[in-house]
Amino acid sequence: MTESLKDIVVVGQGAAGLAAALAAAQAGRGVRVTLVDKAAEDEAGGNTRWSPSYMRMASVDRVEPSFIHDMLAATEYHGDETYFATLAHHAPATCQWIAAQGVEFIQPTYYLAKGPPRIQPLGGGPAVIKQLVAAAKAAGVVFRYNCAAQSIEIDNQRIVGLSVAQDGARETLPADAIILCCGGFEGDAAKMREHFGEGGDTMRQISPGGKFNTGDGINMATELGAFLSGDWQGMHAEPVDARSKNSAPVVLVYPYGIVVDKTGRRFFDEGGGLVHETWETFARDIQFKTPDRVAFAILDSRLLTIEGYERAIRSEVPPARADTLAELAKIIGVDADGLSATVSAYNAACTGDPAKFDATRCDGLSAGATLTPPKSNWARAISEPPFLAYPLVGAVAYTFGGLATDERARVLRGERPTPGLYAAGEITGHFYATAPNAVSVLRAFVFGRIAGLEAVSFLHAP
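Scoring rules and cut-offs
Residues numbered from 1 in each chain as written. Predicted model: local features only at pLDDT ≥ 70, side-chain atom pairs only at ≥ 80, totals over all residues. Heavy atoms only, no water. Phe/Tyr/Trp six-rings, centres within 6.5 Å; stacked < 30°, edge-to-face > 60°. Buried < 20%, exposed > 50% of the residue type's maximum accessible area, 1.4 Å probe, protein only. Helix = DSSP H or I, 4+ residues; strand = E, 2+ residues; numbered from the N terminus. 1 Å grid on protein atoms, 1.4 Å probe; cavity = no way out; pocket = protein on both sides within 12 Å on 5 of 7 lines; lining within 4 Å. Points joined across faces, edges and corners; volume = space filled by probe spheres on them. Nonpolar A, V, L, I, M, F, W, Y, C, P; charged D, E, K, R; others polar. Pairing = 2+ DSSP bridges. Axes fitted to C-alpha atoms, helices over the stretch in contact; angles between N-to-C directions. Contact = heavy atoms within 4.5 Å. Salt bridge = Lys/Arg side-chain N within 4 Å of Asp/Glu carboxyl O.

> Can you lay out the packing of aromatic side chains for me, pointing to particular residues and giving the numbers?
Summed over the entire model, instances satisfying the criterion amount to 18 aromatic pairs. On the numbers, 5.4 Å between centres and 80° between planes, the contact of Tyr83 with Phe84 is edge-to-face. With respect to class, Tyr83 is no different from Phe84; both count as buried. Consider the rings of Phe267 and Phe282, whose centres lie 6.4 Å apart with planes at 35°: the pair is tilted. Here the residue Phe267 occupies a position in the loop between β13 (258-260) and α7 (275-289), and Phe282 occupies one in helix α7, the gap between them amounting to 15 residues. For the pair formed by Phe267 and Phe282, the shared burial category is buried.

So, in structure tokens, the structure goes:
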């Protein structure tokens, strides 16, 4: 007698969802895998489609010895050590498995400042989507687009289906196990305001993929009693060019000048750390603490002499440029007297040897003794025209609050897993305080794959 097929439904076609669907399909053993995404086919993929997809690994087959400690430190030791240890343990095998699907990895040059080693899929997120969709289809995964998950259907304490809406009609897909990989809630203005306060609902999204992440999976799971975890006042955000229409038009040269609000006042230690250590605080300060929720990076012509400075600017719009600060202030709409006073005070505090300036590391060139707020690194006077300015706004990439899961990607109700329900990626609540750098896509791959394999094992358990 032929064993009847078991159904696994994956929600979301980002890195986590594709890894889950592909792993489950390749495991075989009498399963039928369907992946649904609420977006159209040419937009599906959530944040992954738009991400450079940097991953914090020394090479495809190795993580740094300090990996687990670094993860815990980034989360201010609120993170789950078992979760990060599992991530470190499975990352090499997972990346090699991803590479076997036709995704080529490189070791990129990362912006300007040095930091932990990283690898990157050649072609970034779009290449991940293209190759893994092709591999998943070849393994038999069925894809449904414009298909929004609505609710998880239960019978006798077991998952039996996923209710979805597609083309104005509602139906229930058979499901013996469900894997939720449909992101956080940054695309829901009401939730953003609820958790971040006034201004949360107007925060720009760093990529078009974020608009689809409206907390649907979190809502469906909590209706079943799933527990929540992570920092619900936490998000990964970065400063972007306010004028740009592109995805993720980050401007990450602000450490090499000063940042002011429209009154010309400094409000932030631009040199407080490497750019990936300060961008979240900076982006949030812009959105929640500055007039009109906009700031201005002010630099002089020496920016243009920094080797590779272009790598740290992804805006397609050139900076405002002027031969005097007064003219620059007029162009960008900043109070000229305020800017002049701020630059004068800053320049007077820059008493260190400018020859020590090194854009690639924290160089210790500080201006803090007489300056409030201080500038802890890269403190060179702004004195050589032409003067340059970028208007910046904070943009949210993803939220931290999400579902509580264990090291097997099982969605938890208290200390116990919810039978047949799994989650991976940004929908899960494992980040606190700050996002560990270059880990979002890596954890999506690792725990997506774990979720797919665990779902198959669950369906064949005695």
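Moving on from the coordinates now.
> Describe the layout of surface pockets, with residues and values.
One simple way to see leftover space: roll a probe sized like a water molecule over the atoms. One number sums up the size of the largest pocket: a volume of about 250 Å³. If you go around the largest pocket, you meet 13 residues; those closest to its centre are Ala74, Glu277, Thr434, Ala435 and Asn437. Counting only elements with at least two residues in the lining of the largest pocket, the list comes to α2 (67-74) and α7. Residues belonging to the lining of the largest pocket are distributed by class as follows: five nonpolar, four polar and four charged.

> An account of the environment of Lys330 is needed here, citing residue identities and associated values.
Locating Lys330 in the fold gives a position in helix α8 (residues 325-332). A relative accessible area of 72% places Lys330 in the exposed class. Each C-alpha atom, one on Lys330 and one on Pro291, is 17 Å from the other, the two residues being 39 residues apart in sequence.

> Which residues make up the sheet that holds strand β19 (residues 416-423), and what are the values?
Strands sit in the order β5-β2-β1-β9-β19-β18 across an open sheet of six strands; the sheet is mixed. Whereas interior strands pair on both sides, the edge strands pair on one side only; in this sheet they are β5 (142-144) and β18 (410-413). Averaged over neighbouring strand pairs, the angle between their axes works out to 35° when direction is ignored. Here strand β1 (residues 6-11) runs beside strand β2 (residues 31-36); their pairing, made up of six bridges, is parallel. Looking at β2, one finds that Asp7 is bridged to Arg32. Here helix α1 (residues 15-27) sits on the sheet and contacts β1, β2, β5 and β9 (177-180); the angle it forms with β2, its principal contact strand, is near 165°.

> Can you explain the pattern of salt bridges? Please cite residues and give values.
Going through the model one piece at a time under the given rule, you end up with 19 salt bridges. In this structure, Lys137 and Glu41 form a salt bridge, with 3.8 Å as the shortest nitrogen-oxygen distance. Note that Lys137 is positioned in helix α4 (residues 124-138) and Glu41 in the loop between β2 and α2, a separation of 96 residues in sequence. Classification of Lys137 as partly exposed rests on a relative accessible area of 43%. On the basis of relative accessible area, Glu41 is assigned to the partly exposed category, the value being 46%. Of the charged contacts, one joins Lys211 and Glu43 as a salt bridge, the two residues approaching to 3.3 Å between their closest N and O atoms. Of this pair, Lys211 sits in the loop between β10 (204-205) and α6 (216-223) while Glu43 sits in the loop between β2 and α2; the two residues are 168 residues apart in sequence, bridging distant segments of the chain. Residue Glu43 is classed as partly exposed on the basis of its relative accessible area of 29%. One salt-bridge network, in which partners are shared between bridges, spans Arg56, Glu64 and Asp70.

> Report on the side chain of Thr342, specifying residues and quantitative values.
Relative to the assigned elements, Thr342 resides in helix α9 (residues 336-349). Those residues in contact with Thr342 that sit more than four places away from it in its chain are Ile258, Val260, Gly264, Arg265 and Arg266.

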